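As a plain string of letters, each chain reads:
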There are 2 protein chains.
Amino acid sequence: MATRNGAQGDGDGKAVIAACERLLGAGAVLGPERIAERATSYWDPAPMQGAALVRPRSTEELGAVLRLCHDAGQTVVVQGGLTGVVAGATAAADDVIISLERMNAIESVDELDGVAVIQAGAVLQTVQEALEAQGFLFPVDLGARGSCTIGGMVATNAGGINVLRYGMIRNLVLGLEVVLADGTVLSSMNQMLKNNAGYDLKQLFIGSEGTLGIVTRAVIKLAPLPTSRQTVMFAAGSFAAVSAMLKAMRSGLGGTLSAYEVMWHNYYRPVTAPGGHPPPLARDHAFYVLAEAEGVEPDADAARFERVLERGVADGHVADAVLPKSEAEREALWRVREVFEPVLPAYLYDVSLPIKSMAKYVERVEAALAEWRPDAEALVFGHIADGNLHIFTRPHDDGRHQAASDRIVYGALEGLGGSVSAEHGIGIEKKAWLDRTRSAEEIALMRRLKALLDPAGILNPGKVID
Amino acid sequence: MATRNGAQGDGDGKAVIAACERLLGAGAVLGPERIAERATSYWDPAPMQGAALVRPRSTEELGAVLRLCHDAGQTVVVQGGLTGVVAGATAAADDVIISLERMNAIESVDELDGVAVIQAGAVLQTVQEALEAQGFLFPVDLGARGSCTIGGMVATNAGGINVLRYGMIRNLVLGLEVVLADGTVLSSMNQMLKNNAGYDLKQLFIGSEGTLGIVTRAVIKLAPLPTSRQTVMFAAGSFAAVSAMLKAMRSGLGGTLSAYEVMWHNYYRPVTAPGGHPPPLARDHAFYVLAEAEGVEPDADAARFERVLERGVADGHVADAVLPKSEAEREALWRVREVFEPVLPAYLYDVSLPIKSMAKYVERVEAALAEWRPDAEALVFGHIADGNLHIFTRPHDDGRHQAASDRIVYGALEGLGGSVSAEHGIGIEKKAWLDRTRSAEEIALMRRLKALLDPAGILNPGKVID
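Residues numbered from 1 in each chain as written. Chains lettered and ligands numbered in written order. Predicted model: local features only at pLDDT ≥ 70, side-chain atom pairs only at ≥ 80, totals over all residues. Heavy atoms only, no water.

## Some thoughts on the overall build of chain A
We count it as follows: Secondary structure elements are taken from DSSP: a helix is a run of H or I of four residues or more, a strand is a run of E of two residues or more, and numbering for both begins at the N terminus. When we talk radius of gyration, it's over C-alpha atoms, and the globule rule is simply 2.2 Å times the number of residues to the 0.38. Throughout this description, buried means an accessible area under 20% of the type-specific maximum (1.4 Å probe, protein chains only), exposed means over 50%, and partly exposed covers the range between. Only heavy atoms matter for contacts: two residues are in contact if any of them lie within 4.5 Å across the pair. Using a 1.4 Å probe, the Shrake-Rupley method yields the accessible areas, and only the shown protein chains count as cover for residues. Only four residue types enter the tally: Lys and Arg on the positive side, Asp and Glu on the negative side, with His and both chain ends excluded. Every charge is mapped onto a representative atom, which is NZ of Lys, CZ of Arg, CG of Asp or CD of Glu.
Looking only at helices and strands, chain A has 15 helices and 18 strands in total. By the compact-globule yardstick of 23 Å for 466 residues, chain A fits well, its C-alpha radius of gyration being 23 Å. Reported as C-alpha extents along the three principal axes, the dimensions of chain A are approximately 70 × 55 × 45 Å. Scored against the burial criterion, the 466 residues of chain A give a buried share of 58%. Taking contacts inside chain A between residues at least 6 apart in sequence as the whole, the part at least 24 apart equals 72%. Surface accessibility of chain A: about 16800 Å² in total, with carbon and sulfur atoms responsible for 52%. Charge centroids of chain A, computed over 43 positive and 57 negative side chains, lie 3 Å from each other.

## Section: the relation of the copies chain A and chain B
Superposing the two chain copies requires a rotation about an axis and a translation along that axis. The following threshold applies: Least squares is used to superpose the copies, and the fit set is the C-alpha atoms of residues whose pLDDT is at least 70 in both copies.
Between chain A and chain B, which share one sequence, the superposing operator has a rotation angle of 180 degrees and an axial displacement of 0.0 Å; the RMSD is 0.0 Å. Taken together, these values place the two copies in the relation of a two-fold axis. A high fraction, 100%, of the interface residues of chain A reappear at the interface in chain B, so the copies pair face to face through one surface.

## Quick look at the pattern of salt bridges
As a reminder of what qualifies: We define a salt bridge as a contact between a side-chain nitrogen of Lys or Arg and a carboxyl oxygen of Asp or Glu at a distance within 4 Å.
Counting across every chain of the model gives 60 salt bridges over all chains. As a salt-bridge pair, Lys247 of chain B and Glu111 of chain A come within 3.7 Å of each other at their nearest N and O atoms. With one member in each of two chains, Lys247 of chain B in helix α8 (residues 239-252) and Glu111 of chain A in the loop between β5 (106-110) and β6 (115-119) form a pair that bridges those chains. On the accessibility criterion, Glu111 of chain A (39% relative accessible area) is partly exposed. The salt bridge partner of Arg57 of chain B is Glu61 of chain B, with a shortest N-O separation of 3.5 Å. Through salt bridges with shared partners, a single network forms among Arg229, Glu292, Glu294, Glu327 and Arg330 of chain A.

## Examining the sheet that holds strand β3 (residues 76-79) of chain A
Residues and elements named next belong to chain A. Operational definition: Here the rule is simple: two strands pair whenever DSSP picks up at least two bridges between them.
Read from one edge of the open sheet, 4 strands run β1-β2-β4-β3, paired in mixed fashion. A single partner strand is all that each edge strand has here, and the edge strands are β1 (29-30) and β3. Relative to strand β2 (residues 52-54), β1 runs antiparallel, the two being bridged by 2 bridges. Residue pairing in the sheet places Leu30 in a bridge with Leu53 of β2.

## Quick look at the sheet that holds strand β14 (residues 287-295) of chain A
Strand pairs in the sheet, formed through backbone hydrogen bonds, run parallel or antiparallel to each other. Residues and elements named next belong to chain A. In plain terms, the rule: Note on geometry: axes are lines fitted to C-alpha atoms, helical ones only across the stretch in contact, with angles between N-to-C directions running from 0 to 180 degrees.
Read across the sheet, 7 strands follow the order β15-β12-β14-β13-β17-β18-β16 without closing on themselves; strand pairing throughout is antiparallel. For this open sheet the edge positions go to β15 (320-322) and β16 (347-352), each flanked by a neighbour on one side alone. When the angles between neighbouring strand axes are averaged without regard to direction, this sheet yields 20 degrees. With 3 bridges joining them, strand β13 (residues 257-264) and strand β17 (residues 377-383) adopt antiparallel strand pairing. If you follow Glu261 over to β17, its bridge partner there is His383. Where helix α8 (residues 239-252) meets the sheet, it contacts β12 (228-236), β13 and β14, and its direction lies at approximately 175 degrees from that of β13. Relative to β12, helix α10 (residues 298-314) is tilted by about 15 degrees, and along the sheet it contacts β12 and β14.

## A closer look at the state of the cysteines
Heads up, the rule is: Two cysteine sulfurs form a disulfide in these notes if their separation is within 2.5 Å.
Taken as a whole and assessed by the stated rule, the structure comprises 0 disulfides over all chains. As a non-bridged cysteine, Cys69 of chain A has Cys20 of chain A as the owner of its nearest cysteine sulfur, 5.0 Å distant.

## Points about α8 of chain B
All names here are of chain B. What counts, and what does not: The span expected for a helix works out to 1.5 Å for each residue beyond the first.
Over its 14 residues, α8 extends 19 Å from the first C-alpha to the last, a length consistent with the 20 Å expected when each residue adds 1.5 Å. Taken together, the buried positions of α8 are Phe239, Ala241, Val242, Ser243, Met245, Leu246, Met249 and Gly252. Summarising the contacts, the buried residues of α8 are in contact with β12 (228-236), β13 (257-264), β14 (287-295), α10 (298-314) and α12 (358-372). A positive backbone phi angle near 60 degrees is found at Gly254, which sits one or two residues after α8.

## Let's talk about the packing of aromatic side chains
Note the threshold: Centre distance within 6.5 Å is the pairing criterion for rings of Phe, Tyr and Trp, where only the six-membered ring of Trp is used; planes under 30 degrees apart are then read as stacked, over 60 as edge-to-face, and the remainder as tilted. Two limits define a charge over a ring: the Lys NZ or Arg CZ must be within 6 Å of the ring centre, and within 35 degrees of the ring normal.
Taken as a whole and assessed by the stated rule, the structure comprises 24 aromatic pairs over all chains. For the pair Tyr410 of chain B and Trp433 of chain B, a centre-to-centre distance of 5.0 Å together with 45 degrees between the ring planes defines the contact as tilted. Residue Tyr410 of chain B is found in helix α13 (residues 402-411), and its partner Trp433 of chain B is found in the loop between α13 and α14 (434-437); the two are separated by 23 residues along the sequence. In terms of burial, Tyr410 of chain B and Trp433 of chain B fall into one category: buried. In textbook terms, an aromatic cluster arises when at least three aromatic residues are bridged by ring pairs, as seen for Tyr267, Phe340, Phe381 and Phe392 of chain A. In this arrangement the basic side chain of Arg373 of chain A is found over the ring face of Trp372 of chain A, its NZ or CZ atom lying 5.5 Å from the centre.

## Looking at the side chain of Arg304 of chain B
Within the secondary structure, Arg304 of chain B sits in helix α10. The exposure class of Arg304 of chain B is buried, given its relative accessible area of 7%.

## Side note on α13 of chain B
For α13 of chain B, every residue scored as buried is listed here: Ala404, Ser405, Asp406, Ile408, Val409 and Tyr410 of chain B. Here the buried face of α13 of chain B lies against β16 (347-352), α12, β18 (388-394) and α14 of chain B.

## Topic: the interface of chain A and chain B
Keep this limit in mind: Summed over both partners, the accessible area lost on bringing two parts together, with a 1.4 Å probe, is the buried area. Counting of polar contacts relies on pairs of N or O atoms within 3.5 Å, with two restrictions inside protein: one atom must be capable of donating a hydrogen and the other of accepting it, and residues adjacent in sequence are counted only when both atoms are side-chain atoms.
Across the boundary between the two partners, chain A contributes 84 residues, which contact 85 residues of chain B. Buried area between chain A and chain B, both sides added, is near 6800 Å², and the carbon and sulfur share of it is 57%. The largest share of the area that chain A buries against chain B comes from Lys194, Asn196 and Tyr199 of chain A, three residues that together contribute 15% of it. For the pair chain A and chain B, the number of links is 42 residue pairs in polar contact (both at pLDDT 80 or more). Of all the secondary-structure elements, those providing two or more residues to the side of chain A that touches chain B are α6 (163-166), β9 (185-188), α7 (202-205), α8, α10, α14 (434-437) and α15 (440-453) of chain A. With 9 residues, the single largest contributor to the side of chain A that touches chain B is α15 of chain A.

## As for the packing of α8 of chain B against α10 of chain B
Residues and elements named next belong to chain B. Heads up, the rule is: Just so you know how the angles are binned, under 35 degrees is roughly parallel, over 145 roughly antiparallel, 65 to 115 roughly perpendicular, and the rest oblique. We call a crossing left-handed when the near helix sits turned anticlockwise from the far one by less than a right angle, and right-handed when that turn is clockwise. When residue character is reported, Ala, Val, Leu, Ile, Met, Phe, Trp, Tyr, Cys and Pro are called nonpolar, Asp, Glu, Lys and Arg charged, and the others, Gly included, polar.
In the contact formed by α8 and α10, the axes pass within 10 Å of each other and the chain directions differ by 150 degrees. The orientation of α8 relative to α10 falls into the category roughly antiparallel. Crossing of α8 over α10 shows right-handed handedness. Contacts between α8 and α10 pair Met245, Ala248, Met249 and Gly252 from the former with Arg304, Phe305, Val308, Leu309 and Gly312 from the latter. Grouping the amino acids of the contact of α8 with α10 by side-chain chemistry returns 6 nonpolar, 2 polar and 1 charged.

## A closer look at the pairing of β13 of chain B
All names here are of chain B. For β13, a buried count of 8 out of 8 residues is recorded, marking the element as mostly surrounded by other parts of the structure. Across 7 bridges, the pairing between β13 and β14 is antiparallel. Bridging from a neighbouring strand, Leu257 pairs with Ala293 of β14.

## Description of unusual backbone geometry
Residue Arg394 of chain A is joined to Pro395 of chain A through a cis peptide bond whose omega torsion reads 5 degrees. One can find Pro395 of chain A in the loop between β18 (388-394) and α13 (402-411). Despite not being glycine, Asn157 of chain B has its phi angle at roughly 50 degrees, a positive value. Examined against the element boundaries, Asn157 of chain B turns out to sit in the loop between α5 (150-155) and α6 (163-166). What makes Asn157 of chain B buried here is its relative accessible area of 4%.

## Here's the deal with the confidence of the model for chain A
Residue and element names in this part refer to chain A. Heads up, the condition is: Confidence of the prediction at every residue is given by pLDDT, a number between 0 and 100.
On average, chain A scores 95 in pLDDT, and the residues at 70 or more come to 98%. Low pLDDT (under 50) marks residues 1-10, which in the prediction has 24 contacts with non-local residues, meaning those over four places away or in another chain. What the predictor reports for the complex is a pTM of 0.95 with an ipTM of 0.95.

## What to know about the environment of Gln74 of chain A
Residue and element names in this part refer to chain A. The residue Gln74 is located in the loop between α3 (59-72) and β3 in this model. Residue Gln74 is classed as buried on the basis of its relative accessible area, which comes to 1%. Counting along the chain gives 22 residues from Gln74 to Val96, while the straight-line C-alpha distance between them is 7.3 Å.

What follows is the structure in structure tokens.
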């Protein structure tokens, strides 16, 4: 059996794996049977496939492993927390899987400079908690926090719920260490906000989904830990009112707005139906917003937050609102937005587009679904301040409607300047749609970069671009 | 006379320029005599050199010009406001200069999304004022605002005085249009905070100083216009006190701290000597800090600002302080930091390093200067929150001490993890020092990227890397 790039046969693959075992010790390499004990991903319970799963303990070990693979033309897939939704880390039976689960330390925290050096295999929530104990906020947060790794987050340019305040993780990565396809260690572990000495090479690897190199360590810019938090869920009668409140909260809260999550009625109603979450607000409004601000002066911040909301009521933008009186009440509000199991199974989408085009876009999707079949529906929510909508479509019907649903959701972006992937990446699942967002010139340059950095095509084959 | 890449002779250069004239019209192309009416740069009054200065009116025109140059092997240097300090835009006599001075429009401002589409030739201050009139802040600000262009700022990844709050311009560029060496137009005019559809190609061109492509348009993320501002200049007895106040203001002002400029006594004393600026504070302190916060609630913000300062006094970090009572008084404080003509001529440096190493670094520089010659001195100031120091060294002696001064200032970075360029770039002047900051592996990859994107070597030849 030849590997996908045709460079070698099965026998060579076995020789490479045996060499890895000699290099790292037997306990560092798992065979296909042990691999099959793991699930393919958080979303796919099928047994994981792979020729071997290699667990280096250091950058040097990983470099040696990649040199072996590169020389033999052996394909390699690096895996993190396996919470991605585009099959961007799925291995085939003849791939060598790299797991950095043994490289999961927070190596250092510099209190004065406000930066941390973190190994790629560290799990987000573990990092968040360790840094919080030292008075720092790790500024990126997302639902998969209990599983996703720092390396995976950098490789996919993770976004999440606080992007409007702190940016994607790209904005927080000051330095990076990467192992290239041929085993070369590229160390760019800068710790400063400013370093304009030549090309900023780390940018190439952030968000390239493991196709150009393997991230081993990152220097992350931290934020001071907020000491006050205000949360509200409010209802609004129109998207114009939702937009007006976003503008009012952005400018009126002095830059402390940290989340602005919008739920269309078509999402809120099903997740608060009997058997789902208790509805915090009446179920007959057009829009629901979950907004949060984080500051440092509890009393003053709360007063300002309430003033902005009262002005929203007076201006007719806020139809009704609920402010949680305890952490338990706050968590109940967030569950409405984050725990969407009541509406599954459904197809999940992640698109971005200018805020001004969002209402029109959702109308287009709804109209196209209705035209397709009378029982079809879209459930829409998202981080609108980031231009990011998530959409569930139903019926799911065991996956048989995927192609029709894709065509409708991505097709409706036409002419609106949107993207087929806001934060989830391309992986395998969105590859066919990349040319809806990127021009022929852009895709041609992506291919040239891939050929430059991975001429043998061994890194995460078949992902992002062919 | 052959051009530097040896691809053609003088006759071909003339043919290319004649073709540009036919394409764009005679008024769009200036010859060597007209070019010589311009100064080489803000810092160098010598007449500008160049075979022709071409002023396209559109991206398409620029694409056509670059195609002609590429096919003929004609070298090209793009120029903006010519305020750079590393000779990164200096043309030789046989180069074709591209100026985008006719492409200087703000094409659109999206009030809801908070983004502006701006042509590369627009001057920063013009852009700042136009956006302010619409209620927006262009978040990057620097001393060269009256001359520098948006294209030049993107090409050099400009920093400046508000980086600790808003980041370098890289963090604000959502979309970019670039013309590649062969005339291909690469349009990545994304307008969203999130767009993870494939490799983020625009990052390649930000900060690459015109060596990989020519920036023609940018989509910039704006900030809401602040409505309150607090400024203080305070004196401190030690770098530890300066660091402690930075930490206190960062965490105590809820993210509104927008500038934290530190002046060593060796800078403050000469600029406030008789004939210089009137000293706002006594001249015998060790350090002086100019700090500013920008918020939205004048009374509450001022009260919080003063509380943080009072705590600084009580903790012994603040030895003395002056709060301006008018805009004129505020401007007088900023002049001490920004108007350094009283201490010229001197060699100007721009390095970055972790804050924790700064005091040690300055001691090293001072010791090495003293060892070199008894009358040598360093004048140090900078954006310490960004890890960025600027250093003047004297005596200047008509440039004869450049090499000795360079060796001392860059040599002292050894082992501290610093960079030879925080925000000024590499250009020609820092090229010999690039390997102090970047590893052999990094420089090798930079060269491969240059060869990939500009195989004929026509773009800004001799800058950044050879």
